[in-house]
Amino acid sequence: MDALDRLAEPGLDLLGRVDTLLAGGAPEGHRLWPLLRRMQVLPGEAVRGFLDLHPAPLADAGHAVRGLVREYDKVCHLLTDPAAWSGPAASAYDQARSALLGHLDEGPESLVGRLESTAGYADALADWVEGSRLALARALADVLGSAEAVRVRVATAPGAEAGTVGPLAAADVAYRVLSVLGVAYDGAETLLRQWSPSLAETTWRGPAGGPTRYDTVTRVGR
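Since the model is a prediction, treat every value here as computed from it, not as a measurement.

(A) Spatial organisation of the nonpolar core. By size, the foremost hydrophobic cluster in this structure holds 39 residues, and its most contacted members are V18, L22, L32, V47, V177, L178 and L181. Mapped by element, the contributors of at least two residues to this core are α1 (3-21), α2 (32-39), α3 (43-50), α6 (111-144), α7 (147-155) and α8 (165-199). In this structure, V65, V69, L115 and A119 belong to the second largest nonpolar core, which totals 5 residues.

Following this line, the structure appears as structure tokens:
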């Protein structure tokens, strides 16, 4: 359990009240409006969805992918030792072996290269989630102790009369929370742009000369 988990219950209670006061819209001209138009979500709902994001599963995924890399390394080690074959197809076999070795582990576009990029992307996402959760926890801690939070609670108490103070305070709280989430979402989009070229599907590049036949290969010593 991290700081955001510990603040989830009081934070969602406050933001639920904020969402209620903003159900009819924020005060005209408030700086919250551009954020609402961009994100299309009220702060309570946005935070509720973000609470489901945790870094550990992403870090575990990166670790699991690196385990696959070790298995590919074993196969590549077998392919680095050319077989002592002779016969008309021996040269064609060696070309196919070299092509397969390159496809498996030769540069960032190989299968191993793509696996390493996938693991790196998972690690970067885990770091993003951890940092974003910490930033959101700090924002919640700030608004929970603010004067605006007191006004929101007063405005949403049973029997409270409608007024302009409550919606204005709610908009101020919402702005502070959605601003942090907006930065977090920008960070996620930046990561995707940075890593997308390294995550593209790799294609098989076979040996030159077309299909390879192995039926005339003769093993030396047989």
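Moving on from the model shown.
(B) Representation of the pattern of salt bridges in the model. Within the structure shown, the criterion is met by 6 salt bridges. Across the pair D123 and R66 runs a salt bridge whose closest N-O atoms are separated by 2.7 Å. Taken together, the residues D123 in helix α6 and R66 in helix α4 (residues 55-79) connect sequence positions 57 residues apart. Under the relative-accessibility criterion, D123 is labelled partly exposed at 26%. When salt bridges with common partners are traced through the structure, they connect D2, D5 and R133 into a single cluster.

(C) Inspection of the packing of aromatic side chains at higher detail. Using the criterion set out here, one finds 2 aromatic pairs in the structure. Residues F50 and W128 carry aromatic rings whose centres are separated by 6.1 Å and whose planes lie at 70° to one another, so their mutual orientation is edge-to-face. Here the residue F50 occupies a position in helix α3, and W128 occupies one in helix α6, the gap between them amounting to 78 residues. Accessibility classification places F50 together with W128 in one group, the buried group. On the numbers, 6.1 Å between centres and 45° between planes, the contact of Y121 with W195 is tilted. Of the two residues, Y121 is situated in helix α6 and W195 in helix α8; the sequence distance between them amounts to 74 residues. A relative accessible area of 22% places W195 in the partly exposed class.

(D) Structural detail: α2. Buried residues of α2: L32, L35, L36 and M39, and no others. All buried residues of α2 fall inside an arc of 100° around its axis, so they share one side. In α2, those exposed residues whose orientation departs by more than 90 degrees from the buried face are P34 and R37. The inward-facing, buried residues of α2 contact α8. Just downstream of α2 lies Q40, where phi reads positive at about 55°.

(E) Here's a closer look at the environment of V143. As for its placement among the helices and strands, V143 is situated in helix α6. Along the sequence, V143 and G11 sit 132 residues apart, while their C-alpha atoms lie 8.6 Å from each other. Among residues more than four places away in sequence, those in contact with V143 are L14, A149, V173, R176 and V177.

Basis of the calculations
- Residues numbered from 1 in each chain as written.
- Predicted model: local features only at pLDDT ≥ 70, side-chain atom pairs only at ≥ 80, totals over all residues.
- Heavy atoms only, no water.
- Core = buried A, V, L, I, M, F, W, Y, C linked by side-chain atoms within 4.5 Å.
- Buried < 20%, exposed > 50% of the residue type's maximum accessible area, 1.4 Å probe, protein only.
- Helix = DSSP H or I, 4+ residues; strand = E, 2+ residues; numbered from the N terminus.
- Salt bridge = Lys/Arg side-chain N within 4 Å of Asp/Glu carboxyl O.
- Phe/Tyr/Trp six-rings, centres within 6.5 Å; stacked < 30°, edge-to-face > 60°.
- Arc of directions from axis to C-beta.
- Contact = heavy atoms within 4.5 Å.

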